[in-house]
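Residues per chain are reported as follows:
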Amino acid sequence: PAEDCFLGTLSLRLVLLAEMEQERAAQLIAAGFLKKQFQLFLQIPFAGILLLNWPVFALLRNLSERAWEFLPKSRCDADHSCTFGDALATFDSARLQFGTASSPSNFNRTVDLIHAGQRSLMRMFSADRGILDFLRTKWNIWSALHRLREVLDGDRFSDGPASWLLGLPSAPWDVQDVMLSNQASDLYVRYFIDHVRSEFYGATDAVELFVKDVALHDDDRRLSSSGRWVFMDIGAAFFDGDCLVVDMIRHFGCAAGDHGASVLVMAFEPLKENFEALVSHLTESLDSASLAACVQVHRVAVGNRTGQTSIFGRGRLASAVYHDLRRNDMDDAIPTEVAMVSVDDVFIEEDLEHIDILKIDTEGNDWNVIDGARDVIEGGLVGSVIVEYGGFWSRHTWEVSNLASVPRQQEELMWPNLKGVVQWFWERGYEGYFMGTRQLIPIYGQFWHDWYEVCRAPHHVMYRGIFGWCWFDVVF
């Protein structure tokens, strides 16, 4: 997400300053090398940053503890109107409070203390206190925040409950029962919540790792006796270095056999710019023989029927259901009319016998794609279906994620929602799992818990670290 990109930029700049000679580093700081990133950094809730993997607080601590010879002392050390000392005491109190948090009121107090300390820092920056005042103060606020992060990072589940989760404020779920239970389904829930950002968030490489695992165990999962793997990548655009088509060819190879090529990857991407970027990347990444024999790239949309449709927006967030969600983030983009097909129709037209992996990532149009693949799914002709579960699934999930609307109860969510889709697949013989980098978490049948409906309340503190952006991958 954008927060990660920004925090990564700040972290890299802090690393660069740490590696420079003091005089050059001091000149850059005085010239505003960190000003923009630091100002944005102060506006992001520290309670969320503390739970991410960017070492921002450790880097700021190291920079502030450096024996600077070319920077003046902080003006705040001799100014009683500055509240760095108050902020330091508040962060230390939050760390001590967290260690004893065992009730909603105690945990609320921990979060409130972190917010209070951050507000003190924001007031100092807005009161014309520059970055130098924050780095050169005798009050080592960054060391206190780093210690707090270490405490939070060490709060991992083993067999017992974590104090922070027992103290969730205003949770619409039965927290105590789940956290104190030893039933297998509740243990899965606890593992998912504790690793929601680090292992299960959509920005991880869980899908690629799953594909790699299938390649390693191909004899167990291959659907066809012909020896050919068939994959469909719906929404195959190439962004941020990720390309599942290339991953599939690299993991499975592209060899000639008695029945033709060993792999067929069918990629679908409707927008001209995205399509051309995908073709260019495939041309650069794969040899011409593999590209010709094992890959088909189709510039069409995929939905619940064959015909025409409109794609609204641009880039990676363009969607066929833009107006259904009442989105307004790209209203200036001109709609693009494109051809559309259904998976069932492609299956017949291409004379396929099976699809080993059907991957769907269409920015909210995912259920329509599934609806257009009913025949092959209900016929057991698809080995695995990978679906992006996110805030674009419905108007309800879009509004709660982007417009700060009040989260709805599970039974109030409009279709599609995760619980309903998981049940739909379960009734057709497919088990559902959250995809993680280390674990697949079962969410079907007796394993379902309403906590898994992340998009219902993505801003809740339980889903710490995702910044309200619901983005996960589910495999059936």
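Summary of the structure given here. (Residues numbered from 1 in each chain as written. Predicted model: local features only at pLDDT ≥ 70, side-chain atom pairs only at ≥ 80, totals over all residues. Heavy atoms only, no water.)

## Observations concerning the environment of Val230
Residue placement: Val230 occurs in strand S1 (residues 229-234). Sequence separation of Val230 and Met266 is 36 residues, and the distance between their C-alpha atoms is 7.8 Å. Those residues within four positions of Val230 in sequence are excluded, and the remaining contacts are Leu264, Leu352, His354, Ile355, Asp356 and Ile357. (Helix = DSSP H or I, 4+ residues; strand = E, 2+ residues; numbered from the N terminus. Contact = heavy atoms within 4.5 Å.)

## A short note on the pairing of strand S8 (residues 336-342)
Pairing analysis gives three bridges linking strand S6 (residues 301-303) to S8, with the strands arranged parallel. Note that in S8 the partner of Val302 across the bridge is Val341. Sheet topology places strand S7 (residues 307-311) next to S8; five bridges connect them, and they run antiparallel. Paired with Ser310 across the two strands is Glu337, which belongs to S8. (Pairing = 2+ DSSP bridges.)

## Section: the state of the cysteines
In total, this model carries two disulfides according to the counting rule given. Paired by a disulfide, Cys254 and Cys294 hold their sulfur atoms 1.8 Å apart. Judged by the sign of its S-S torsion, about 85°, the bond between Cys254 and Cys294 is right-handed. Taken together, the residues span a long stretch of sequence, with Cys254 in the loop between helix H15 (244-252) and strand S2 (256-257) and Cys294 in helix H17 (residues 288-294) at a distance of 40 residues. On the basis of relative accessibility, which here comes to 0%, the residue Cys294 falls in the buried class. Between Cys455 and Cys470 runs a disulfide, and the two sulfur atoms are separated by 2.0 Å. One disulfide, between Cys455 and Cys470, carries an S-S torsion of -80° and so falls in the left-handed class. (Disulfide = S-S within 2.5 Å. Buried < 20%, exposed > 50% of the residue type's maximum accessible area, 1.4 Å probe, protein only.)

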